[in-house]
Amino acid sequence: QVQLVESGGGLVQPGGSLRLSCATSGFTLGGYTIRWFRQAPGKEREGISCISRANGNTYYADSVKGRFTISRDNAENTVYLQMNSLKPEDTAVYYCAADGAALCFHSAKSYNYWGQGTQVTVSS
């Protein structure tokens, strides 16, 4: 069965770094588009980064560009989100999502497989 499990969240001070992991199983990672989303209380779910199944290109929302980096290790079936220079406004639950047909510009509803989410809190 297809499974995605996020880990690596926690409490970090402003300016600090975290690396989130999305461990996958049940499918060939390289054939799937993987997109990271986040959602803060009272706010819409926001797509923040993506790696495309079509060509492997990566994409970032303006809010995280230059600070976050998405990568994948196909041998380990894991996708990573390196988060640097964290700000309080980065506080949210972070989710990874996968789909074998969706592309990075597709909406969240196009992604069939989701992890459970991991909490990131940026506070002094």
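Colleague: How do you make sense of the state of the cysteines when you look at a structure like this?
Modeller: Disulfide: a covalent bond formed between the sulfur atoms of two cysteine residues. Inspection of the entire model under this criterion finds two disulfides. The disulfide bridge from Cys-22 ends at Cys-96, spanning 2.0 Å between sulfur atoms. When the S-S torsion is 70 degrees, as for the bridge of Cys-22 with Cys-96, the disulfide is right-handed. Note that Cys-22 is positioned in strand E3 (residues 18–25) and Cys-96 in strand E9 (residues 92–99), a separation of 74 residues in sequence. Of the two residues, Cys-22 and Cys-96, neither departs from the other in class, the shared state being buried. Cysteine pairing for the protein (bonded cysteines numbered in sequence order): 1-3, 2-4.

Colleague: Please clarify how the nonpolar core should be interpreted in this entry.
Modeller: Nonpolar side chains tend toward joint burial in soluble globular proteins. Grouped together as the largest cluster of nonpolar side chains are 26 residues, with contacts concentrated most on Trp-36, Phe-68, Leu-81, Met-83 and Tyr-94. Those elements giving two or more residues to this core turn out to be E3, strand E4 (33–39), strand E5 (46–51), strand E7 (68–73), strand E8 (78–83), E9 and strand E11 (118–122). The biggest single contributor to this core is E9, with four residues. Those residues in contact with Met-83 that sit more than four places away from it in its chain are Gly-16, Ser-17, Leu-18, Leu-20, Arg-67, Phe-68, Tyr-94 and Val-120. Counting residues in hydrophobic clusters, the runner-up holds six residues, among them Cys-50, Ala-97, Cys-104 and Tyr-111.

Colleague: When you look at the packing of aromatic side chains in this model, what are you seeing that I'm missing?
Modeller: The way to describe two aromatic rings as a pair is by their centre distance and the angle between their planes. Under the definition given, this model contains five aromatic pairs. Here the aromatic cluster, defined as three or more aromatic residues joined through ring pairs, consists of Phe-37, Tyr-95, Tyr-111 and Trp-114. Above the face of the Tyr-80 ring, Arg-19 is positioned so that its terminal group lies 4.2 Å from the ring centre. Over the aromatic face of Tyr-95 sits the side chain of Arg-45, whose NZ or CZ is 4.2 Å from the ring centroid.

Colleague: Can you help me understand the pattern of salt bridges in this one?
Modeller: Any two side chains of opposite charge can pair, on the condition that their charged atoms come close. This structure, assessed with the given rule, holds four salt bridges. Of the charged contacts, one joins Glu-46 and Arg-38 as a salt bridge, the two residues approaching to 3.0 Å between their closest N and O atoms. Judged by its relative accessible area of 6%, Arg-38 falls in the buried class. Residue Asp-62 is joined to Lys-65 by a salt bridge in which the shortest nitrogen-to-oxygen separation is 3.4 Å.

Colleague: Could you clarify how one ought to interpret the sheet that holds E7 in this entry?
Modeller: The strands that make up a sheet pair up through hydrogen bonds in the backbone, lying either parallel or antiparallel. With antiparallel pairing, the four strands of this open sheet are ordered in space as E1-E3-E8-E7. Both outer strands of the open sheet, strand E1 (3–7) and E7, are each paired with one neighbouring strand and no more. Recorded for the sheet is a direction-independent mean angle of 15 degrees between the axes of neighbouring strands. As defined by bridge partners, E7 adjoins E8 across six bridges and the pair is classed as antiparallel. Its bridge partner lying in E8, Ile-70 is registered against Leu-81.

Analysis parameters
- Residue positions are given per chain, counting from 1 as you read along its sequence in written order.
- Per-residue local features of the predicted model are confined to residues with pLDDT of at least 70, and side-chain atom pairs are confined, for both listing and counting, to 80 or more; whole-chain, interface and lining totals are unaffected and use all residues.
- Processing note: side-chain calculations cover all non-hydrogen atoms of the structure and skip hydrogens and water entirely.
- Note that a disulfide, as used here, is simply two cysteine sulfur atoms within 2.5 Å.
- Helix and strand definitions follow DSSP, with helices as H or I runs of at least four residues and strands as E runs of at least two, each counted in order from the N terminus.
- Note on exposure labels: buried denotes an accessible area under 20% of the residue type's maximum, exposed denotes more than 50%, and partly exposed covers the range between, all computed with a 1.4 Å probe on protein chains only.
- Nonpolar core, defined: a set of buried Ala, Val, Leu, Ile, Met, Phe, Trp, Tyr and Cys residues in which side-chain atoms within 4.5 Å join the residues together.
- The contact rule is simple, with two residues in contact once any of their heavy atoms fall within 4.5 Å.
- What counts as a ring pair is set by centres within 6.5 Å for rings of Phe, Tyr and Trp (its six-membered ring), and what kind of pair is set by the plane angle: stacked under 30 degrees, edge-to-face over 60, tilted for all other angles.
- Two limits define a charge over a ring: the Lys NZ or Arg CZ must be within 6 Å of the ring centre, and within 35 degrees of the ring normal.
- Any carboxyl oxygen of Asp or Glu that lies within 4 Å of a side-chain nitrogen of Lys or Arg is treated as forming a salt bridge with it.
- Each pair of strands is called paired provided DSSP finds at least two bridges between the two strands.
- Axis lines are fitted to C-alpha atoms, over the contacting stretch for helices. Their N-to-C directions set the angle, which ranges from 0 to 180 degrees.

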